[in-house]
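Geometric and topological summary
Chain by chain, the residues:
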Amino acid sequence: MNATQEARPPKAVRISSTTGELAGISPLLDAAEAGVGDVPALLALAKDAGECAPKPGAGNTALLWEILASVTAVDVAAGRILEPHLDAAAILAQAAAADFDDAPADLPFDGTWGVFAAEAPGLKLEAKDAGGAVVLTGSKPWCSIAAQLDHAVLTAHLDGGGRAAFAVDLHAAGVGFADPEWTSLGLREVPSGTVHFDAVPAIPLGPAGWYYQRPGFAWGGMGVAACWFGGAVAVARNYVESLKQAADGGREPDQLALAHLGEIDRTLTGLTQYLARTAARIDAGELSGAGAWSEALRVRGSVAAAVARIQSLVSQNLGPAPLAFDARYGKRMADLSLYIRQHHAMRDDAQLGALTFKGDHPW
C-alpha cells in the first residue's frame, strides 16, 4: 500500500447505520488517523468519544459498535485505547441505575478511564473496610497504559469471598506503577503492566458478583469483538487495495486471489449481519438475562476465528513484502494478532459448550 492510499479520508465500518448517520463519526476517525502512535492524542479521542457515543443497550448499540470498529479500522491501538474508556462509562451508568443497596450516585465521568479485571498467579488485589470506607491493597496485573490514565474500574477480592467492582483514582496516594517490561511488537503504544495499591480509597460499584452477573458484562465483551471486527475489515481493505494496485500495473488477480477475496467477503458480510441482529436484540431487551453470556461467547468466537482466517488469507496472498516494507500494514497485523488473544480460543468454546450442554442454545 502506498502513501496516497493511506492519505485517503478514513472510512467508517458500517453494521446497520445509514451513511448519513455514520457521517457524524468522521471527526473521531480523522482524530484516530492523526493520532496514530500518539497516546495522549488517542486518549483525547477517547474522551471526545465518551461524550457522544451511545451506551450499550440504550437503543443504539449498533452505532456504538460502529464507532469501535471504525476507529480500530483506522488504527488498532486507537481502538484498544477507546474500548475500555467507553466500557467504563457504561459500567458507571449501569451501577448508578442498579437496584442494589448503596448504589453509587452518578459519578462524574471526567478524565480518562481503564477497566482492569484480569487476574494472575501470585497477585491479588483486596478490598478492605476502613471505618466505613473501602480501601484497596495489593496488586492488579494487565493494566494497560495505567500510568497515563486518570481513573479505572477494577475488580478486587472481598473479605467475605468473591470479587466486586470499584472505581479508583489512579492519581491517588498509594498507587504505584511497575515497569511493564513490554517487549511485544504488537500494540507497542498500549503496554500492560502491574499496578500496586497501598490503602487506596475506592468507590464500590455493586456487591460481590454484580460486575460479572450484569448483562453489561456480556455486552462489553461483544464491544471488544466489534473492535476485532474493525481490524479485520481494515486488513481486508488492505488486500483489495493491493489487488487493485497490482491490476493497475498490469497484473490482474488470479483465480486463487479472487477465491480468497470471495471468502473474505462472505465472512465479513455474514459477521456484519450477525452483529446487526445481535445489537438489535440487545436494544430490544432480548439479551439481558442468562443467555447474554452465551451470545457473547458466540460473537467473540466467530469474530476471532474470522480475524485469524482473514489475516492468514491476506498474508498468504500478499507475501512478505508488505510485512517487510509497509510499516502501517505491518503494525496493523501485529497489533491485531495480539489484540485477538484476549479471546481464549478453545477454552472459551469449552465454556460455550458447557452452556450449550445445559440447554442454552437457540437450535
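All figures in this text were calculated on a predicted structure; none of them were measured in a lab.

**Quick notes on the packing of aromatic side chains**
Applying the stated rule across the entire model yields six aromatic pairs. Judged by centre distance (5.5 Å) and plane angle (20°), the ring pair of F109 and W113 falls under stacked. Taking the relative accessible area as the measure of exposure, F109 reaches 28% and is therefore partly exposed. Measuring from ring centre to ring centre gives 6.4 Å for W228 and Y339, while their planes differ by 90°; the resulting arrangement is edge-to-face. On the criterion of sequence distance, the pair formed by W228 in helix α8 (residues 215–248) and Y339 in helix α12 (residues 327–339) is long-range, its members being 111 residues apart. Its relative accessible area of 0% is what places W228 among the buried residues. Residue class for Y339 comes out buried when judged on its relative accessible area of 1%. Following the ring pairs from residue to residue traces out a cluster consisting of Y211, Y212, F217 and W293.

**Side note on the confidence of the model for the protein**
Mean pLDDT over the protein works out to 94, with 97% of the residues at or above the 70 mark. When the criterion is pLDDT under 50, residues 1–5 qualifies, and its contacts beyond four places in sequence or with other chains add up to seven contacts.

**Considerations on unusual backbone geometry**
Unlike most non-glycine residues, W142 shows phi in positive territory, near 55°. Here W142 shows up in strand β3 (residues 133–144). Here I145, not a glycine, exhibits a phi torsion of approximately 40°, which is positive. Mapped onto the elements, I145 comes out in the loop between β3 and β4 (151–158).

**A closer look at helix α6 (residues 76–97)**
Taking 1.5 Å of rise per residue, 22 residues should cover 32 Å, and α6 covers 32 Å from first to last C-alpha, within 8% of that figure. In terms of burial, α6 is largely enclosed, as 19 of its 22 residues are buried.

**So, empty space enclosed by the protein**
Taken as a whole and judged by the stated rule, the model has three cavities of 30 Å³ or more. Of the volumes computed, that of the largest cavity is approximately 100 Å³. Along the walls of the largest cavity sit P56, L64, L68, E83, L86, D87, A90, G216, W219, G220, G223 and V224, which together make up its complete lining. At the level of elements, α5 (61–74), α6 and α8 are the ones that each hand at least two residues to the lining of the largest cavity. Take the lining of the largest cavity: its biggest share by element is five residues, from α8. Here the lining of the largest cavity is built from residues that sort into seven nonpolar, three polar and two charged. Its boundaries defined by the atoms lining it, the second largest cavity holds a volume of some 50 Å³.

**Digging into the pairing of strand β7 (residues 192–204)**
With eight bridges joining them, β3 and β7 adopt antiparallel strand pairing. Bridge pairing links C143 to G193 in β7. Inspection of the sheet shows strand β6 (residues 175–177) paired to β7 by three bridges, in the antiparallel sense. Following the sheet pairing, F177 is matched in β7 by V195.

**Concerning the packing of α5 against α6**
Orientation of α5 relative to α6, taken along the N-to-C sense of each, is 150°, at an axis distance of 6 Å. Considering their axes alone, α5 and α6 lie roughly antiparallel with respect to each other. Of the two possible hands of crossing, α5 and α6 adopt the one that is right-handed. Seen from α5, the contacting residues are L64, I67, L68, V71, T72 and V74; seen from α6, they are V76, A78, G79, L82, E83 and L86. Considered class by class, the residues forming the contact of α5 with α6 number nine nonpolar, two polar and one charged.

**Comments concerning the layout of surface pockets**
Unfilled space is identified by rolling a water-sized probe across the atoms. Its boundaries defined by the atoms lining it, the largest pocket holds a volume of some 1,100 Å³. Along the walls of the largest pocket sit 39 residues, with R80, A117, A118, R300 and Q342 positioned nearest its centre. Looking at the lining of the largest pocket, the elements with two or more residues in it are α6, β1 (113–116), β3, α7 (210–213), α8, α10 (292–318), α12 and α13 (346–357). Ranked by residue count, the leading element in the lining of the largest pocket is α6, at five residues. Partitioned by chemical class, the residues of the lining of the largest pocket number 22 nonpolar, eight polar and nine charged. Looking at the second largest pocket, its volume works out to about 690 Å³. In terms of lining residues, the second largest pocket is bounded by 30 residues, among which K11, V233, A234, R237 and N238 are the most central. Here the lining of the second largest pocket gets eight residues from one element, more than from any other, and that element is α8. Taken together, the residues that form the lining of the second largest pocket break down as 15 nonpolar, five polar and 10 charged.

Quick notes on the rules
- Residues numbered from 1 in each chain as written.
- Predicted model: local features only at pLDDT ≥ 70, side-chain atom pairs only at ≥ 80, totals over all residues.
- Heavy atoms only, no water.
- Phe/Tyr/Trp six-rings, centres within 6.5 Å; stacked < 30°, edge-to-face > 60°.
- Buried < 20%, exposed > 50% of the residue type's maximum accessible area, 1.4 Å probe, protein only.
- Helix = DSSP H or I, 4+ residues; strand = E, 2+ residues; numbered from the N terminus.
- pLDDT = per-residue confidence, 0-100.
- Contact = heavy atoms within 4.5 Å.
- Expected span 1.5 Å × (residues − 1).
- 1 Å grid on protein atoms, 1.4 Å probe; cavity = no way out; pocket = protein on both sides within 12 Å on 5 of 7 lines; lining within 4 Å.
- Points joined across faces, edges and corners; volume = space filled by probe spheres on them.
- Nonpolar A, V, L, I, M, F, W, Y, C, P; charged D, E, K, R; others polar.
- Pairing = 2+ DSSP bridges.
- Axes fitted to C-alpha atoms, helices over the stretch in contact; angles between N-to-C directions.
- Parallel < 35°, antiparallel > 145°, perpendicular 65-115°, else oblique.
- Left-handed = near helix turned anticlockwise from the far one by under 90°.

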